[in-house]
Each structure stands twice: as C-alpha cells, then as structure tokens.
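Observations on the model geometry
One letter stands for each residue in the lines below.
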Amino acid sequence: MARSRLTPERESELYGAVLDLLREVGYDALTMDAVAARTHSSKATLYRQWGSKPELVARALRDNKPADLSQIDTGTLRGDFQELVDRSDDCQMERDSALMRGLAHAVHTNPDLHRALRELLIEPEMNGLEEVLRRAVRRGEVDAGNPALKLVPHMLIGAFIARPLIDDQPVDHAFLKTYVNAVVLPSLGV
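Computed from a predicted structure; not experimentally measured.

Regarding the packing of aromatic side chains
- All told, the structure shown has two aromatic pairs when counted by the stated rule.
- Ring centres of Phe-175 and Tyr-179 lie 5.9 Å apart, and the angle between their planes is 25°; on these two criteria the pair is classed as stacked. Pair noted here: Phe-175 and Tyr-179 are both in helix α9 (residues 173-187), with a separation of four residues, about one helical turn. Side by side, Phe-175 and Tyr-179 carry an identical accessibility label, which is buried.
- We note Lys-53 situated over the ring of Tyr-27; from NZ or CZ to the ring centre the distance is 4.1 Å.

So this is what it looks like as structure tokens:
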C-alpha cells in the first residue's frame, strides 16, 4: 500500500482526531466516515493511506507513544523504570488508560484490530521493555533465571487495569512509582 503525500503534521493531526473520537465514542462506534468528517479528509484518502480502521487506530495509538522504551538507559533498572514513569504526565496516563479501557472489548471481538495492535503497538513496546530488562540482567541486577522477567508486562498492564477497578482512581505518577517500587522491582530481586 502506498503511504504518501501527508505531511507529518497532517498525519499527526489525523491521529489526534482518531484518538479523540475513540475516547468519545469507543472503537465500535468509530467510523471512517466520522474520521473523514472530523479531519476534513476523504474516506478514500483514509483507506488509501491506512487500508482499514484497525490499522488507522493502531497507528494512531503508536503515534501517541512518547518514546521508544529501548532508548531508556540510565544505568540501573530502578532508574530506567523511574525514567519510564517520568515520561508521562498524570493527564496523559489517564487519557491512555481511557483509550485502553475503550479498546479492551473491541480487541477481543475484532481479530483485525488485535493483530494490528499487536504488530504496531504491543510488540514494539514488548521489545523495548525486554531490552531494558536484558540490560539489567547483563549488569547483574536481575538473575537471568528469575521467572518474574517474563511477567513484567503483565504486572504493568495489571496496574493500569486494577487501579480504576479497585480504587476507582486513575493511574498516576504517585501510584505507578509506588507500584513499581513495591511490586515490580522486588519481584525481580532489585
């Protein structure tokens, strides 16, 4: 598929509109017609550029990610996790949580969305996190045989799902910092 003539600014504007619509109406009610109307573009352009709604949504979510996790290297795993937490503000974490909650059901009922999210968002994030953890193993901070290494993504996602359900509060810096220091790092022996 030819990806083309959109400037990076226009592409970012389109992605922002997709994310706003997702927050407003959820995945199932989001339509290419609504995106086209919101962004003053044609549906044909959207399909030519992204091919499908799942692909557009996944790319919009990927564009929303502030940094490549593998680029975080403070010299310690504790420092790397602190940097990771510090790269998002509370407002952005709340907005991201709302997006994830809005997509949770759709991911289970739409295999194309699930595939696109895995390919464009989840796998790159997992690869970045795995690199952060591999460096910690190489530095001797974490034992290579520690079974918690494979569970770090589950622990982190669990925090974002459980906090609103259990405490009726969004995930924020204070909670995430406490969670990482009380749950994630001790499970890794740090």
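Text resumes after the structure shown.
Here we look at the nonpolar core
- Core analysis: the biggest nonpolar cluster contains 27 residues, and Leu-22, Val-57, Leu-61, Leu-103 and Leu-113 have the highest contact counts within it.
- For this core, the secondary structure elements donating two or more residues are α1 (8-29), α2 (32-39), α3 (43-50), α4 (53-63), α6 (90-109) and α7 (111-138).
- Broken down by element, the residue count for this core peaks at seven residues, all from α1.
- Beyond its immediate sequence surroundings of up to four residues, Leu-61 is in contact with Leu-19, Leu-99, Met-100, Leu-103, Leu-117 and Leu-121.
- Ranked by size, the runner-up nonpolar core spans 25 residues in total, among them Met-93, Leu-149, Val-152 and Met-155.

Digging into the environment of Ala-144
- For Ala-144, the location among the structural elements is in the loop between α7 and α8 (152-167).
- Counting along the chain gives 90 residues from Ala-144 to Pro-54, while the straight-line C-alpha distance between them is 37 Å.
- Once you skip the residues sitting within four places of it in the chain, Ala-144 turns out to touch Val-137 and Leu-149.

A short note on the environment of Gly-16
- Looking at where Gly-16 falls in the secondary structure, it is placed in helix α1.
- Judged by relative accessible area, Gly-16 falls into the partly exposed class, the value being 28%.
- Taking the C-alpha atoms as reference points, Gly-16 and Ala-60, separated by 44 residues in sequence, lie 7.1 Å from one another.

Observations concerning the packing of α1 against α6
- Where α1 meets α6, the closest approach of the two axes is 8 Å, and the angle between their N-to-C directions is 25°. Taken together, α1 and α6 sit at an angle that is classed as roughly parallel. The handedness of the crossing between α1 and α6 comes out as left-handed. The segment α1 lies against α6, with Leu-19, Asp-20, Leu-22, Arg-23, Tyr-27 and Asp-28 engaging Arg-95, Leu-99, Gly-102, Leu-103, His-105 and Ala-106.
- Residues belonging to the contact of α1 with α6 are distributed by class as follows: six nonpolar, two polar and four charged.

Rules used throughout
- Residues numbered from 1 in each chain as written.
- Predicted model: local features only at pLDDT ≥ 70, side-chain atom pairs only at ≥ 80, totals over all residues.
- Heavy atoms only, no water.
- Phe/Tyr/Trp six-rings, centres within 6.5 Å; stacked < 30°, edge-to-face > 60°.
- Helix = DSSP H or I, 4+ residues; strand = E, 2+ residues; numbered from the N terminus.
- Buried < 20%, exposed > 50% of the residue type's maximum accessible area, 1.4 Å probe, protein only.
- Lys NZ or Arg CZ within 6 Å of the ring centre and 35° of its normal.
- Core = buried A, V, L, I, M, F, W, Y, C linked by side-chain atoms within 4.5 Å.
- Contact = heavy atoms within 4.5 Å.
- Axes fitted to C-alpha atoms, helices over the stretch in contact; angles between N-to-C directions.
- Parallel < 35°, antiparallel > 145°, perpendicular 65-115°, else oblique.
- Left-handed = near helix turned anticlockwise from the far one by under 90°.
- Nonpolar A, V, L, I, M, F, W, Y, C, P; charged D, E, K, R; others polar.

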